[in-house]
Amino acid sequence: MAQQRTLVTGGHVVSMDPAIGDLPVGDVLVEDGVIVAVAPSVPAGDAEVVDATGHVVLPGLIDTHRHTWQSIVRGICADWTLGDYYFGIRLAISPAMTPEDVRLGQLVGGADALNAGVTTLLDFSHTNNTPEHSDAAVTGIRESGVRAAHCHGFFESRPAEPRFGTHADRVRDFARLAEQHFPGRDGLVTLGVSLSEVFGQPWQQTVDELTLAREYGALVVSHTGCVWGSCVTGGIRELDAAGLLGPDIVHVHCNTLDDDEWTALARSGGKVSISVETELNMGMGRPVFERCRRLGLAPTLSADVISLNSGDLWHQMRFGLGFDRWDATHADNLAGRMPETVTTTARDALTWTTVNAADAMGMGDRIGSLTPGKRADLVLVGGPSFETSPRPDVVGSLVFQTTVADVRTVLVDGRVVKRDGVLVDHDLRSLTRQAEAACEGVLQRVADNGQTLPGTPENGWELMEPLFQANRPQPAVR
């Protein structure tokens with residue numbers, strides 16, 4: 001069989017590989033989905049040519065925590081707290097979603113990511129109301145064409161009237177899902193597990209979910225330390241004492257963790273995903289860039305709840321960089337001083353969404369940099385763009401100036417999925433119409449169920465806390 005060869009030529013290459021560096025004018029040669037050469041000039045007379053003149057060529061961006069299915073209710077959480085999100089999205093909108101809604105949300109969300117140059121998602125999929133919903137979630141993310149770790153969740157959105165059965169039924173069905181949809185374990189979409197919030201369910205169920213994930217070699221993601229004044233999303237001490245922490249867990253948020261919990265997380269080799277836009281807007285506390293820096297942890301970024309945030313990581317890089325710089329200088333400002341240097345650079349922010357993120361997802365040998373031998377996930381930014389020219393500081397321009405419209409061409413696994421500003425496989429007008437109709441249907445079903453949005457009871461967290469406390473291991477783990 002003849003090799004499929006593509007030469008991306010003449011762009012300013014930001015490789016994110018320290019051995020290659022940046023090339024003011026460079027070529028990237030791809031064969032059968034693999035990068036085989038990155039150099040100032042690569043001869044490849046028989047390859048399909050992608051002219052990158054005037055563009056910046058960089059690795060595809062990687063999001064380490066996205067609730068992709070929420071893409072059909074984008075922006076509904078604009079003025080909601082985290083408590084509103086829990087009661088409105090998790091306990092009202094999620095149970096009103098049909099399998100087709102879930103499939104469409106995954107498809108729309110994956111297309112949205114690709115359009116913005118996000119080529120890989122950690123897909124935190126936790127609206128699996130029935131086995132049919134679970135199947136639809138896998139189908140939709142595959143149809144989108146994005147690379148993803150599809151992290152299947154076990155959360156019950158209708159605790160009083162479960163449609164799936166017991167938690168044990170959900171655990172059993174995971175085996176079916178894994179064997180039916182992920183027989184090879186090495187496709188564009190790979191298998192993961194989204195843990196239910198620790199202490200949001202009986203402790204043994206958390207142990208069962210983690211044990212199951214590791215039986216299948218699945219990536220694990222957990223909402224960790226993000227609810228103040230509550231034990232829910234805690235459990236670092238208990239997991240550590242039980243020997244259940246590990247480098248295969250991506251811990252999302254971590255805002256409430258104390259020194260001992262941070263020490264345990266770092267000792268385990270765990271990874272950290274910061275959802276800076278969500279955390280700042282929903283009252284979750286200080287994003288943990290400084291904590292990561294102090295402990296030698298490599299931060300990563302996520303768009304998180306698409307029901308609030310944009311699906312592009314350019315926003316997240318700017319939010320994160322701006323917060324981290326403010327955080328590093330705030331004490332000086334209060335003391336009447338101005339900083340002499342910035343703590344965090346634009347290149348650091350780009351690292352959060354490329355090299356760091358690939359390592360966090362266990363894919364550092366496959367993606368995250370333009371390195372020969374890795375899969376060819378590439379993004380071309382600029383070209384005719386007004387916003388990104390001139391570029392006296394190329395990486396600075398990428399981080400601070402880029403919009404979705406400036407993402408001109410995108411390759412995933414060597415295949416062009418966006419060309420000259422237009423997605424190849426998706427009609428965005430058609431997807432928009434479908435999403436609008438689905439959103440209307442979901443909100444109507446919420447109303448038909450007698451629910452209002454967000455529907456947060458007064459003192460909602462306080463009402464839930466006795467249940468959360470009852471789910472902690474007894475006797476208490478020391």
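All figures in this text were calculated on a predicted structure; none of them were measured in a lab.

K.L.:
What is the right way to read the environment of Cys 292 from this model?
P.N.:
In this fold, Cys 292 is placed in helix α9 (residues 289–295). Assessed through its relative accessible area of 0%, Cys 292 is described here as buried. For Cys 292, the residues in contact, after removing those within four places along its chain, are Trp 262, Val 272, Leu 297 and Pro 299.

K.L.:
What is the right way to read the pairing of strand β10 (residues 219–224) from this model?
P.N.:
As a general feature of sheets, a regular strand has side chains that alternate between the two faces. Burial analysis of β10 places six of its six residues in the buried class, which makes it a mostly covered element. Across three bridges, strand β9 (residues 189–194) lies against β10 in parallel orientation. When the bridges of β10 are listed, Val 193 appears paired with Val 220. Considered for its hand, the β-α-β crossover made up of β9, helix α5 (residues 203–215) and β10 is right-handed. Handedness of the β-α-β unit built from β10, helix α6 (residues 236–241) and strand β11 (residues 249–253) comes out right-handed.

K.L.:
Help me understand the packing of helix α3 (residues 131–144) against helix α4 (residues 167–181), please; the structure alone is not making it clear to me.
P.N.:
Two quantities define a packed helix pair, namely the angle between the axes and the distance from one axis to the other. It is the contact of α3 with α4, at a shortest axis distance of 11 Å, that shows an interaxial angle of 30°. When the interaxial angle is binned, α3 and α4 end up roughly parallel. Here α3 and α4 pass one another in a crossing that is right-handed. Touching Pro 131, Ser 134, Asp 135, Val 138 and Arg 142 of α3 are Asp 173, Arg 176, Leu 177, Gln 180 and His 181, all from α4. Of the residues in the contact of α3 with α4, the class split is three nonpolar, three polar and four charged.

K.L.:
Help me understand the pairing of strand β1 (residues 5–14), please; the structure alone is not making it clear to me.
P.N.:
Among the 10 residues in β1, eight count as buried, and that is most of the element. Pairing of β1 with strand β2 (residues 22–31), which is carried by eight bridges, proceeds in the antiparallel orientation. In the strand pairing of β2, Val 8 is matched with Val 28. Relative to strand β4 (residues 48–51), β1 runs parallel, the two sharing four bridges. Each residue of the ladder has a partner; that of Thr 6, found in β4, is Glu 48. By the bridge criterion, two bridges tie β1 to strand β5 (residues 55–59) in an arrangement that is parallel. Looking at the pairing, Val 13 lines up with Val 57 of β5.

About the thresholds
- Residues numbered from 1 in each chain as written.
- Predicted model: local features only at pLDDT ≥ 70, side-chain atom pairs only at ≥ 80, totals over all residues.
- Heavy atoms only, no water.
- Helix = DSSP H or I, 4+ residues; strand = E, 2+ residues; numbered from the N terminus.
- Buried < 20%, exposed > 50% of the residue type's maximum accessible area, 1.4 Å probe, protein only.
- Contact = heavy atoms within 4.5 Å.
- Pairing = 2+ DSSP bridges.
- Right-handed = clockwise from strand over helix to strand, strands pointing away.
- Axes fitted to C-alpha atoms, helices over the stretch in contact; angles between N-to-C directions.
- Parallel < 35°, antiparallel > 145°, perpendicular 65-115°, else oblique.
- Left-handed = near helix turned anticlockwise from the far one by under 90°.
- Nonpolar A, V, L, I, M, F, W, Y, C, P; charged D, E, K, R; others polar.

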